[in-house]
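Here are the chains, one letter per residue:
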Amino acid sequence: MDVQNLSEYLEFLEVEKGLSENTIEAYRRDLSDFLRFCETSGIEDINAVRRTELNTYILKLHDENFTAATVVRKIASLRGYFKWLCANDIIKTDPALTLEQPKLPKRLPKVMTVQEIEQILNQKLDELHALIVELLYGCGLRVSELANINMNDIDVKSKYLQCLGKGSKERIVPLGKKAVAALKKYLPVRDFNVKKNNVATTKLLVNENGRILTRQDIYEFIHAQGEKIHKHISPHTLRHSFATHLLENGADLRIVQELLGHSDVSTTQLYTHVSKKRLKEVYFSINGTGGGV
């Protein structure tokens, strides 16, 4: 059912909206699941879908114990799809037009301390894995951004890298001293591994066998490092810690927004966690009480 329309919609998301491959794949899964539900419900034409079917489908998701975040994402997928169908005159009315988007509780990811970051770096990591930590934490990169960095995206001399963020938005990220040092140690090793394995690739992250590292490789490595310090962490944890530590040390919220690649500063406000230490410092500086922290 509606396979052709779905294919054209996904192409629209890729070409017109510039969404990432991972985001488009999430839309594909969500919408394919809904279309299968329609088929099992005896609905053969997308024009026959009404608000009642949408409500039934959402109740089904809850009954199947999908997380609140997953349900919210699937509803967003449906809203976007039906809006596109209506705009292209494929359907006459949009059944998802008044579909409510549930609000999720604002949960902040865990933040690591500087000491915990140092604990990981003190694990005698090889050049590749030390660089991964430095770029995730020192630059606040998303795991997908890190995995997709090419050699010509990096300028060690000028101390910056260029990455492609969400919505195919490019941004320039400065490289700190430790990230530059890690790059200088890693690049000769990378060159050796590429030549040794006769691999032709422009990707930055390549292991000793000449294989390009994937997002999953990076996830597994960071998770393993977290286990060593008895803490459940992901690449996102390092990104969040990067932003938090910047704010703790007085960085302007707008600067952090630019570094993270957020289009809206409100996203940065939700994403970052200002510690009690920083809040006290701001309080005392405003009120002039001279109190300690």
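Worth saying up front: this structure is predicted, and the values here are computed from it rather than measured. (Residues numbered from 1 in each chain as written. Predicted model: local features only at pLDDT ≥ 70, side-chain atom pairs only at ≥ 80, totals over all residues. Heavy atoms only, no water.)

J.: Got a minute to help me understand helix H4 (residues 68-87) in this structure?
T.: With 20 residues, H4 extends 29 Å from end C-alpha to end C-alpha; this agrees with the ideal 28 Å at 1.5 Å per step. Burial in H4 covers these residues: Thr70, Val71, Val72, Lys74, Ile75, Ser77, Leu78, Tyr81, Phe82, Trp84 and Leu85. On the buried face of H4, the contacting elements are helix H1 (3-15), helix H2 (21-40) and helix H3 (51-63). Just downstream of H4, Asp89 is the residue with a positive phi angle, here 60 degrees. (Helix = DSSP H or I, 4+ residues; strand = E, 2+ residues; numbered from the N terminus. Expected span 1.5 Å × (residues − 1). Buried < 20%, exposed > 50% of the residue type's maximum accessible area, 1.4 Å probe, protein only. Contact = heavy atoms within 4.5 Å.)

J.: I'm lost on the nonpolar core in this one. Help?
T.: Ranked by size, the top nonpolar core spans 45 residues in total, and within it Ile132, Leu135, Leu161 and Ile218 carry the most contacts. Elements with a contribution of two residues or more to this core: helix H5 (114-121), helix H6 (127-139), helix H7 (143-147), strand E2 (160-164), helix H8 (177-196), helix H9 (215-228), helix H10 (235-248) and helix H11 (253-260). With nine residues, H6 is the largest single contributor of residues to this core. Each residue touching Ile218, except ones within four places of it in the same chain, is listed here: Ile132, Leu136, Val143, Leu146, Ala147, Leu205, Leu213 and Pro235. Formed by 28 residues, the second largest nonpolar core is a distinct cluster that contains Leu31, Ile46, Val49 and Ala96. (Core = buried A, V, L, I, M, F, W, Y, C linked by side-chain atoms within 4.5 Å.)

J.: So what exactly am I meant to see when it comes to the sheet that holds E2 here?
T.: Adjacent strands of a sheet pair through backbone hydrogen bonds, lying either parallel or antiparallel. Reading across the sheet, the three strands line up as E1-E2-E3 and stay open at both edges, with antiparallel pairing between neighbours. The open sheet has two edge strands, strand E1 (154-155) and strand E3 (170-174), and neither has a second partner. As judged from the five bridges shared by E2 and E3, these two strands associate in the antiparallel manner. What sits directly across from Cys163, in E3, is Arg171. (Pairing = 2+ DSSP bridges.)

J.: What exactly am I supposed to notice about the packing of H3 against H4 here?
T.: When two helices pack together, their arrangement is given by the angle between the helix axes and by the axis-to-axis distance. It is at 10 Å that the axes of H3 and H4 come closest, and there the two elements cross at 160 degrees. Here H3 lies roughly antiparallel to H4, going by the angle between them. Between H3 and H4 lies a crossing whose hand is right-handed. Residues Leu54, Tyr57, Ile58, Leu61 and His62 of H3 form the contact with H4, whose participating residues are Val71, Lys74, Ile75, Leu78 and Phe82. Here the contact of H3 with H4 is composed, by residue class, of eight nonpolar, one polar and one charged. (Axes fitted to C-alpha atoms, helices over the stretch in contact; angles between N-to-C directions. Parallel < 35°, antiparallel > 145°, perpendicular 65-115°, else oblique. Left-handed = near helix turned anticlockwise from the far one by under 90°. Nonpolar A, V, L, I, M, F, W, Y, C, P; charged D, E, K, R; others polar.)

J.: So what exactly am I meant to see when it comes to the pairing of E2 here?
T.: Side-chain alternation along E2 places Leu161 and Cys163 on a buried face and Tyr160, Gln162 and Leu164 on a face that remains uncovered. In this sheet, E2 lies alongside E1 in antiparallel orientation, the contact comprising two bridges. When the sheet's bridge partners are listed, Ile154 is paired in E2 with Leu161. Here E2 folds back onto E3 in antiparallel fashion, the turn holding five residues, of which Gly167 has a positive phi close to 65 degrees.

J.: Just checking my understanding: could you explain the pattern of salt bridges for this structure?
T.: Once the charged atoms of two side chains with opposite charge are near each other, the side chains can pair. Under the counting rule described, the total for this entry stands at eleven salt bridges. With a closest N to O distance of 2.7 Å, Arg73 and Asp30 form a salt bridge. Of the two residues, Arg73 is situated in helix H4 and Asp30 in helix H2; the sequence distance between them amounts to 43 residues. A relative accessible area of 2% places Asp30 in the buried class. (Salt bridge = Lys/Arg side-chain N within 4 Å of Asp/Glu carboxyl O.)

J.: Looking at this structure, how should I read a negative patch on the surface?
T.: Among the surface-exposed residues, Glu8, Glu11, Glu14 and Glu21 lie close enough to one another that they form a single negatively charged patch. Here the negative patch gets three residues from one element, more than from any other, and that element is H1. Along the chain, Glu21 falls in helix H2. (Patch = residues over 30% accessible without salt bridge, like charges linked within 9 Å, V, L, I, M, F, W, Y side chains within 5 Å. Areas by Shrake-Rupley, 256 points an atom, 1.4 Å probe, with all protein chains shown as cover. Lys, Arg positive; Asp, Glu negative; His and termini not counted. Charge placed at Lys NZ, Arg CZ, Asp CG, Glu CD.)

J.: How should I be thinking about unusual backbone geometry in this particular structure?
T.: It is generally the case that most residues other than glycine have a negative phi and that most peptide bonds are trans. The phi dihedral of Asn198 falls on the positive side, at around 55 degrees, and the residue is not glycine. Given the relative accessible area of 71%, Asn198 is considered exposed. In this model, His230 sits at a positive phi of 60 degrees, which is unusual for a non-glycine residue.

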